[in-house]
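An overview of the molecular structure
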Amino acid sequence: MMCKKAVLVVSFGTSYREVIDSCIAPVEKVISDALPEYDFYRAFTSRMIRNKLDLCFGVKIDDPVAALGHLKEAGYREVIIQPTHILAGTEYHQLKDQVIVFGVKNPEMKLIFGQPVLYENGDYEKAVSAILPTFPDMEKDTALILMGHGSEHFSNASYFALQHYLDVMTKGKVYVANVEAPPMLPEVIEKLKINNIKKVYLTPFMLVAGDHAKNDMAGEDEDSWKNILKKEDIETEIILKGLGEIEAFRELYRIKALRNID
(Lines give C-alpha, C1' and ligand atoms only; values in the text may rest on other atoms or scores of the structure.)
Protein backbone atom coordinates (compact mmCIF):
# COMPACT_ATOMS: atom_id res chain seq x y z
CA MET A 1 0.00 0.00 0.00
CA MET A 2 1.39 3.38 -1.04
CA CYS A 3 2.10 5.82 1.80
CA LYS A 4 -0.05 8.94 1.57
CA LYS A 5 2.17 12.05 1.58
CA ALA A 6 1.32 15.73 2.03
CA VAL A 7 3.08 19.08 2.15
CA LEU A 8 1.65 21.53 4.69
CA VAL A 9 2.65 25.10 3.81
CA VAL A 10 2.49 27.27 6.93
CA SER A 11 2.30 31.07 6.86
CA PHE A 12 1.66 33.70 9.49
CA GLY A 13 -1.21 34.82 7.26
CA THR A 14 -2.95 38.05 6.35
CA SER A 15 -6.54 39.25 6.61
CA TYR A 16 -6.35 40.90 3.17
CA ARG A 17 -7.84 38.32 0.83
CA GLU A 18 -6.33 39.92 -2.25
CA VAL A 19 -2.89 39.71 -0.60
CA ILE A 20 -3.38 36.01 0.09
CA ASP A 21 -3.96 35.65 -3.66
CA SER A 22 -1.04 37.86 -4.72
CA CYS A 23 1.63 36.92 -2.15
CA ILE A 24 0.86 33.68 -0.29
CA ALA A 25 -0.92 31.55 -2.90
CA PRO A 26 1.88 31.94 -5.51
CA VAL A 27 4.47 30.79 -2.95
CA GLU A 28 2.27 27.83 -2.02
CA LYS A 29 2.01 26.91 -5.70
CA VAL A 30 5.79 26.99 -6.16
CA ILE A 31 6.23 24.68 -3.18
CA SER A 32 3.42 22.37 -4.29
CA ASP A 33 4.74 22.21 -7.86
CA ALA A 34 8.19 21.30 -6.53
CA LEU A 35 6.70 18.31 -4.67
CA PRO A 36 4.24 16.71 -7.12
CA GLU A 37 4.08 13.46 -5.14
CA TYR A 38 2.79 15.34 -2.09
CA ASP A 39 -0.79 16.60 -1.69
CA PHE A 40 -0.93 20.30 -0.80
CA TYR A 41 -2.49 21.78 2.36
CA ARG A 42 -2.41 25.25 3.94
CA ALA A 43 -2.24 26.52 7.53
CA PHE A 44 -1.92 29.99 9.13
CA THR A 45 -0.30 30.47 12.53
CA SER A 46 -2.06 33.73 13.50
CA ARG A 47 -5.26 33.07 15.44
CA MET A 48 -6.36 36.69 15.03
CA ILE A 49 -6.04 36.47 11.25
CA ARG A 50 -7.79 33.10 11.06
CA ASN A 51 -10.67 34.42 13.17
CA LYS A 52 -10.98 37.58 11.06
CA LEU A 53 -11.01 35.64 7.80
CA ASP A 54 -13.72 33.37 9.21
CA LEU A 55 -15.83 36.19 10.67
CA CYS A 56 -15.58 38.61 7.75
CA PHE A 57 -15.37 36.30 4.75
CA GLY A 58 -16.39 32.83 5.92
CA VAL A 59 -12.92 31.58 5.01
CA LYS A 60 -11.79 28.81 7.35
CA ILE A 61 -8.07 28.06 7.58
CA ASP A 62 -6.56 25.57 10.02
CA ASP A 63 -3.84 26.30 12.52
CA PRO A 64 -0.83 24.00 12.02
CA VAL A 65 -1.69 21.51 14.77
CA ALA A 66 -5.31 21.19 13.62
CA ALA A 67 -4.08 20.71 10.05
CA LEU A 68 -1.72 17.93 11.13
CA GLY A 69 -4.57 16.30 13.04
CA HIS A 70 -6.78 16.35 9.96
CA LEU A 71 -3.98 14.90 7.87
CA LYS A 72 -3.53 12.08 10.36
CA GLU A 73 -7.27 11.32 10.27
CA ALA A 74 -7.13 11.30 6.46
CA GLY A 75 -4.45 8.61 6.53
CA TYR A 76 -1.34 10.64 5.70
CA ARG A 77 1.82 9.11 7.13
CA GLU A 78 4.46 11.46 5.72
CA VAL A 79 4.07 15.23 5.96
CA ILE A 80 6.51 17.97 5.00
CA ILE A 81 5.86 21.13 7.00
CA GLN A 82 7.30 24.01 4.94
CA PRO A 83 7.11 27.44 6.59
CA THR A 84 6.99 30.60 4.51
CA HIS A 85 8.79 32.56 7.25
CA ILE A 86 11.63 34.80 6.13
CA LEU A 87 13.88 33.97 9.07
CA ALA A 88 14.03 31.57 12.01
CA GLY A 89 12.40 33.88 14.55
CA THR A 90 9.88 33.42 17.33
CA GLU A 91 7.05 32.27 15.04
CA TYR A 92 9.29 29.75 13.32
CA HIS A 93 10.53 28.22 16.57
CA GLN A 94 7.03 28.11 18.07
CA LEU A 95 5.87 26.23 14.99
CA LYS A 96 8.84 23.86 15.21
CA ASP A 97 8.02 23.12 18.87
CA GLN A 98 4.39 22.36 17.94
CA VAL A 99 5.53 19.97 15.22
CA ILE A 100 7.92 18.20 17.59
CA VAL A 101 5.18 17.73 20.22
CA PHE A 102 2.75 16.43 17.59
CA GLY A 103 5.39 14.04 16.29
CA VAL A 104 6.06 12.64 19.77
CA LYS A 105 2.34 11.99 20.23
CA ASN A 106 1.99 10.47 16.75
CA PRO A 107 5.16 8.43 16.10
CA GLU A 108 3.52 6.59 13.20
CA MET A 109 3.76 9.81 11.16
CA LYS A 110 6.98 10.95 9.50
CA LEU A 111 7.17 14.74 9.90
CA ILE A 112 9.81 16.74 8.00
CA PHE A 113 10.29 20.36 9.03
CA GLY A 114 11.62 22.81 6.44
CA GLN A 115 13.88 25.85 6.67
CA PRO A 116 12.89 29.53 6.37
CA VAL A 117 14.30 31.64 3.53
CA LEU A 118 17.23 33.05 5.55
CA TYR A 119 18.85 30.20 7.43
CA GLU A 120 22.33 29.48 6.07
CA ASN A 121 25.04 31.93 5.00
CA GLY A 122 24.45 31.35 1.30
CA ASP A 123 20.77 32.22 1.66
CA TYR A 124 21.47 35.94 2.10
CA GLU A 125 23.24 36.43 -1.20
CA LYS A 126 20.49 34.44 -2.95
CA ALA A 127 17.78 36.61 -1.38
CA VAL A 128 19.49 39.88 -2.31
CA SER A 129 20.10 38.65 -5.87
CA ALA A 130 16.44 37.67 -6.16
CA ILE A 131 14.92 40.99 -5.15
CA LEU A 132 17.28 43.69 -6.40
CA PRO A 133 16.53 43.38 -10.15
CA THR A 134 12.84 44.06 -9.45
CA PHE A 135 13.49 47.62 -8.22
CA PRO A 136 14.45 50.76 -10.16
CA ASP A 137 18.10 51.60 -10.70
CA MET A 138 19.33 53.93 -7.97
CA GLU A 139 20.79 57.27 -9.01
CA LYS A 140 23.72 58.79 -7.10
CA ASP A 141 21.48 60.41 -4.46
CA THR A 142 18.85 57.65 -4.35
CA ALA A 143 18.52 54.55 -2.15
CA LEU A 144 16.15 51.70 -1.35
CA ILE A 145 14.83 50.94 2.16
CA LEU A 146 13.54 47.46 2.93
CA MET A 147 11.03 47.43 5.79
CA GLY A 148 11.54 44.32 7.92
CA HIS A 149 9.44 43.21 10.86
CA GLY A 150 12.12 42.73 13.50
CA SER A 151 12.07 40.37 16.47
CA GLU A 152 13.09 40.17 20.12
CA HIS A 153 14.36 36.68 19.26
CA PHE A 154 18.13 36.29 18.79
CA SER A 155 17.43 35.58 15.12
CA ASN A 156 16.97 39.34 14.71
CA ALA A 157 20.72 39.26 13.99
CA SER A 158 19.70 37.95 10.56
CA TYR A 159 18.82 41.52 9.57
CA PHE A 160 22.36 42.67 10.32
CA ALA A 161 23.71 39.78 8.25
CA LEU A 162 21.35 40.83 5.47
CA GLN A 163 22.64 44.41 5.68
CA HIS A 164 26.21 43.12 5.31
CA TYR A 165 25.34 41.42 2.03
CA LEU A 166 23.38 44.47 0.88
CA ASP A 167 26.42 46.67 1.55
CA VAL A 168 28.74 44.33 -0.33
CA MET A 169 26.42 43.82 -3.29
CA THR A 170 24.95 47.33 -3.66
CA LYS A 171 27.74 49.62 -2.40
CA GLY A 172 25.55 51.22 0.28
CA LYS A 173 22.48 51.81 -1.90
CA VAL A 174 20.06 49.52 -0.02
CA TYR A 175 19.21 49.57 3.68
CA VAL A 176 17.10 47.36 5.90
CA ALA A 177 15.12 48.88 8.80
CA ASN A 178 12.68 47.12 11.11
CA VAL A 179 9.35 47.98 12.68
CA GLU A 180 9.95 46.32 16.05
CA ALA A 181 13.69 45.79 16.60
CA PRO A 182 17.07 47.12 15.43
CA PRO A 183 18.14 48.24 12.96
CA MET A 184 15.33 50.82 13.01
CA LEU A 185 14.36 53.74 10.79
CA PRO A 186 16.12 56.55 12.75
CA GLU A 187 19.45 54.70 12.37
CA VAL A 188 18.91 54.38 8.64
CA ILE A 189 17.92 58.05 8.30
CA GLU A 190 21.26 59.00 9.83
CA LYS A 191 23.04 56.87 7.23
CA LEU A 192 20.98 58.48 4.46
CA LYS A 193 22.05 61.94 5.61
CA ILE A 194 25.70 60.94 5.84
CA ASN A 195 25.52 59.59 2.28
CA ASN A 196 23.61 62.64 1.02
CA ILE A 197 20.59 60.60 -0.09
CA LYS A 198 17.74 62.81 -1.29
CA LYS A 199 15.24 60.18 -2.43
CA VAL A 200 14.34 56.66 -1.29
CA TYR A 201 12.21 53.87 -2.59
CA LEU A 202 10.38 52.29 0.34
CA THR A 203 9.15 48.69 0.18
CA PRO A 204 8.37 45.83 2.60
CA PHE A 205 10.88 43.05 3.23
CA MET A 206 8.00 40.78 4.19
CA LEU A 207 6.21 37.97 2.41
CA VAL A 208 3.01 40.03 2.22
CA ALA A 209 2.23 43.70 1.82
CA GLY A 210 -0.22 43.64 4.73
CA ASP A 211 -0.93 45.87 7.73
CA HIS A 212 2.67 46.86 8.41
CA ALA A 213 3.22 47.83 4.78
CA LYS A 214 -0.13 49.55 4.23
CA ASN A 215 -0.23 51.40 7.56
CA ASP A 216 3.14 51.61 9.35
CA MET A 217 5.06 52.14 6.11
CA ALA A 218 2.71 53.86 3.66
CA GLY A 219 -0.14 55.13 5.85
CA GLU A 220 -1.31 58.71 6.32
CA ASP A 221 -0.67 58.84 10.08
CA GLU A 222 1.98 61.23 11.29
CA ASP A 223 4.24 58.40 12.44
CA SER A 224 4.15 56.37 9.23
CA TRP A 225 7.56 55.86 7.67
CA LYS A 226 6.47 57.77 4.58
CA ASN A 227 5.66 60.85 6.65
CA ILE A 228 8.70 60.54 8.93
CA LEU A 229 10.95 60.57 5.85
CA LYS A 230 9.02 63.50 4.41
CA LYS A 231 9.71 65.50 7.59
CA GLU A 232 13.39 64.80 7.05
CA ASP A 233 13.11 66.29 3.53
CA ILE A 234 13.73 62.92 1.91
CA GLU A 235 11.56 62.30 -1.13
CA THR A 236 9.86 58.92 -0.84
CA GLU A 237 8.34 56.64 -3.44
CA ILE A 238 6.31 53.72 -2.12
CA ILE A 239 6.58 50.29 -3.75
CA LEU A 240 3.75 48.33 -2.11
CA LYS A 241 4.83 44.84 -3.09
CA GLY A 242 5.24 41.78 -0.88
CA LEU A 243 8.18 39.44 -1.44
CA GLY A 244 5.71 36.74 -2.44
CA GLU A 245 4.95 38.74 -5.59
CA ILE A 246 8.55 38.47 -6.80
CA GLU A 247 9.06 35.41 -9.00
CA ALA A 248 12.77 35.07 -8.27
CA PHE A 249 12.10 35.25 -4.53
CA ARG A 250 9.46 32.55 -4.80
CA GLU A 251 12.14 30.38 -6.39
CA LEU A 252 13.93 30.38 -3.00
CA TYR A 253 10.96 28.49 -1.56
CA ARG A 254 11.21 25.89 -4.31
CA ILE A 255 14.83 25.34 -3.31
CA LYS A 256 13.88 25.00 0.36
CA ALA A 257 11.03 22.62 -0.47
CA LEU A 258 13.30 20.33 -2.51
CA ARG A 259 15.81 20.17 0.34
CA ASN A 260 13.18 18.37 2.38
CA ILE A 261 13.40 15.34 0.09
CA ASP A 262 17.17 15.29 -0.50
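As shown above, the structure is provided for reference.
The paragraphs below set out a description of the structure included in this document. Just so you know, these numbers come straight off a predicted model, no measurement behind them. (Residues numbered from 1 in each chain as written. Predicted model: local features only at pLDDT ≥ 70, side-chain atom pairs only at ≥ 80, totals over all residues. Heavy atoms only, no water.)

Concerning the overall build of the chain
Secondary structure assignment for the chain yields 10 helices and 8 strands. In summary, the chain has a C-alpha radius of gyration of 19 Å against a globular reference of 18 Å for 262 residues, a match within 12%. Overall size of the chain, expressed as C-alpha extent along the three principal axes, is 65 × 40 × 30 Å. Relative to its 262 residues, the chain shows a buried fraction of 52%. (Helix = DSSP H or I, 4+ residues; strand = E, 2+ residues; numbered from the N terminus. Rg over C-alpha atoms; globule rule 2.2 N^0.38 Å. Buried < 20%, exposed > 50% of the residue type's maximum accessible area, 1.4 Å probe, protein only.)

A word on the environment of cysteine 56
Here cysteine 56 shows up in helix α2 (residues 47-57). Taking the C-alpha atoms as reference, cysteine 56 lies 28 Å from isoleucine 86; in sequence the two are 30 residues apart.

Re helix α1 (residues 17-34)
Quick reminder: α-helices carry 3.6 residues per turn. Residues three or four places apart thus point the same way. Helix length check: α1, at 18 residues, gives a terminal C-alpha distance of 25 Å against a target of 26 Å (1.5 Å per residue), a fit within 8%. Residue isoleucine 24 marks the point of greatest curvature in α1, where the axis turns by about 40°; the proline proline 26 follows within four residues. For α1, every residue scored as buried is listed here: Val19, Ile20, Cys23, Ile24, Val27, Glu28, Val30, Ile31, Ser32 and Ala34. Its buried side turned inward, α1 meets β1 (4-11), β2 (39-44), α2, β3 (76-83), α8 (211-217) and α10 (247-259). (Expected span 1.5 Å × (residues − 1). Bend = angle between axes of the 7 residues up to and from the residue. Contact = heavy atoms within 4.5 Å.)

Describing the pattern of salt bridges
Applying the stated criterion across every chain yields a total of 12 salt bridges. Residues lysine 199 and glutamate 237 are paired through a salt bridge, measuring 3.2 Å at the closest nitrogen-oxygen approach. Of this pair, lysine 199 sits in strand β7 (residues 199-204) while glutamate 237 sits in strand β8 (residues 235-238), and the two are 38 residues apart along the sequence. Notably, a salt bridge pairs glutamate 222 with lysine 231, separated by 3.2 Å at the nearest N-O pair. Across the pair, exposure class does not vary: glutamate 222 and lysine 231 are exposed alike. (Salt bridge = Lys/Arg side-chain N within 4 Å of Asp/Glu carboxyl O.)

Overview of the side chain of threonine 203
Here threonine 203 shows up in strand β7. The class of threonine 203 is buried, set by a relative accessible area of 0%.

A few points about the pairing of β3
By the criterion of burial, β3 is predominantly enclosed, with 7 of the 8 residues buried. Alignment of β1 against β3, held across 7 bridges, turns out to be parallel. Across the sheet, residue valine 9 finds its bridge partner in β3, namely glutamine 82. Of the strand pairs in this sheet, β3 and strand β4 (residues 110-113) are connected by 4 bridges, and their pairing is parallel. Within β4, the position partnered with valine 79 by the bridge is leucine 111. Taking the sense of rotation as the criterion, the β-α-β connection linking β3, helix α4 (residues 90-105) and β4 turns out right-handed. (Pairing = 2+ DSSP bridges. Right-handed = clockwise from strand over helix to strand, strands pointing away.)

A few points about α4
If you check α4, its first and last C-alpha atoms are 23 Å apart, about what 16 residues at 1.5 Å a residue would give, namely 22 Å. Listed in full, the buried residues belonging to α4 are Tyr92, Leu95, Val99, Phe102 and Gly103. Viewed end-on, α4 has its buried residues packed into an arc of 100°, placing them on one side of the element. Residues of α4 that are exposed and angled more than 90 degrees away from the buried face: Val104 and Lys105. In this structure, the buried residues of α4 make contact with β1, α3 (64-73), β3 and β4. (Arc of directions from axis to C-beta.)

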